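What follows is each chain in one-letter form.
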Amino acid sequence: QRDRPREADAIEHLAAWAGQFTPNVALENQAGLLLEVSGSLSLFGGLEPIMTRLRTGILALGFTASMACAPTARAAWWLALSGKETVVREHDSLPAKLAALSIYTLGWSSDQLTMLTAIGTNTLGEVMALPRAGFAKRFGRALLTELDQACGRLAEPRRFFTPPEQFEARLELPAAVEATSALLFAAKRLLTELAGFLVARASGVQQFDLSLEHDDLPPTVVTIQLVTAHRDEAHFTLLIRERFDRLTLPAPVYAIALHAPVLTPVTGVNLTLFRDENEVSTDWTRLVERLRARLGVAAVHGLTMVAEHRPEYVVQTAEPGTQPPPLRFGERPLWLFATPRPLLEVD
């Protein structure tokens, strides 16, 4: 049975994910998305790569899409509703492309469609050929305004979508799952959405929780902790796989939820033409994160120095990558006796 609140929630999650392609994403009647991508063409290498990545990503999230592109938002929306993947690049060719559309695909009301059919109009081209004054008098200014907006004669301001401050998504499984290996597919769908959301927010995460919901038991929570904040979907998937390999489920799983409450800004990295071997590699952080996912957080740690007069307590465990403070101890003993010996005081 149709669930409109869940449809609206799904569209908003898709809008947050699509923000990785452009910050200008608008919701259209809680039924689709409009993306203004003219400022993103150089970044992604043109319109075709953007549409390909959109199509692939939407499919990975469990949806299918009807996509179209046009110089105006209204025209792009109508072309997408028609189900034909059409790309219109020039304003001059826009009226001809719109003229072939059936009026039944535009989302107009049944009363308006009945009246238009009664006067012998079935395509948008036949509607645009009607006298403007008579059309406005019979059908109102709203439809005429939509036609002008679609053809670019009138501006159509849009309210762009603002992604939430934290990420939270939930996926109900089609059937109960008892094996953790089967849960990885569902988790990967949520991780794909998380990665796109983080790119849109120019952020990363250092921790996120994956909740495996059961019928009569509290959820099983899998917490992933990272050494540094990042948003690599492939690395997220690898860490989840490591945790799932040693996880025993107390009961079948009916739904899975992902929650990332804290986002950390992530800056871009300037690449060099030639690799500098003297640069410190950050691959060690991913190794630490994978070892922690396999062995546990407490099993993998770093070492640091503290201001302590007892030599045996100078080195202590710490988070990997922790930089020790500048300490000056003076001369230190080279070794320690197993049993302390008293020092003789002189003068």
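Everything numeric here is computed off the predicted structure, so don't read it as measured data.

**Q** Just to check I follow, could you spell out the state of the cysteines for this structure?
**A** Applying the stated rule across the entire model yields zero disulfides. Lacking any disulfide linkage, C69 is separated from the closest cysteine sulfur, that of C151, by 16 Å. On the basis of relative accessible area, C151 is assigned to the buried category, the value being 12%.

**Q** It is not clear to me how the pattern of salt bridges should be interpreted in this structure. Could you clarify?
**A** Where charged atoms of side chains with opposite charge meet at close range, the side chains can pair. Within this structure, the stated rule accounts for 19 salt bridges. E172 serves as the salt-bridge partner of R170, at 3.2 Å between the closest nitrogen and oxygen. Given the relative accessible area of 47%, R170 is considered partly exposed. On the accessibility criterion, E172 (43% relative accessible area) is partly exposed. The residue E233 makes a salt bridge to K188 at a minimum N-O spacing of 3.2 Å. With E233 in helix 11 (residues 233-245) and K188 in helix 10 (residues 180-200), this pair connects stretches of sequence that are 45 residues apart. We classify E233 as partly exposed; its relative accessible area is 22%. Judged by its relative accessible area of 39%, K188 is partly exposed. Salt bridges sharing common partners tie together R6, R170, E172 and E213.

**Q** Could you clarify how one ought to interpret the pairing of strand 5 (residues 220-230) in this entry?
**A** Taken together, the seven bridges between strand 4 (residues 203-213) and strand 5 define a ladder with antiparallel strand orientation. Along strand 5, the bridge assignment pairs F208 with I224. If you look at the hairpin formed by strand 4 and strand 5, you'll find six residues sitting between the two strands.

Parameters and conventions
Residues numbered from 1 in each chain as written. Predicted model: local features only at pLDDT ≥ 70, side-chain atom pairs only at ≥ 80, totals over all residues. Heavy atoms only, no water. Disulfide = S-S within 2.5 Å. Buried < 20%, exposed > 50% of the residue type's maximum accessible area, 1.4 Å probe, protein only. Salt bridge = Lys/Arg side-chain N within 4 Å of Asp/Glu carboxyl O. Helix = DSSP H or I, 4+ residues; strand = E, 2+ residues; numbered from the N terminus. Pairing = 2+ DSSP bridges.

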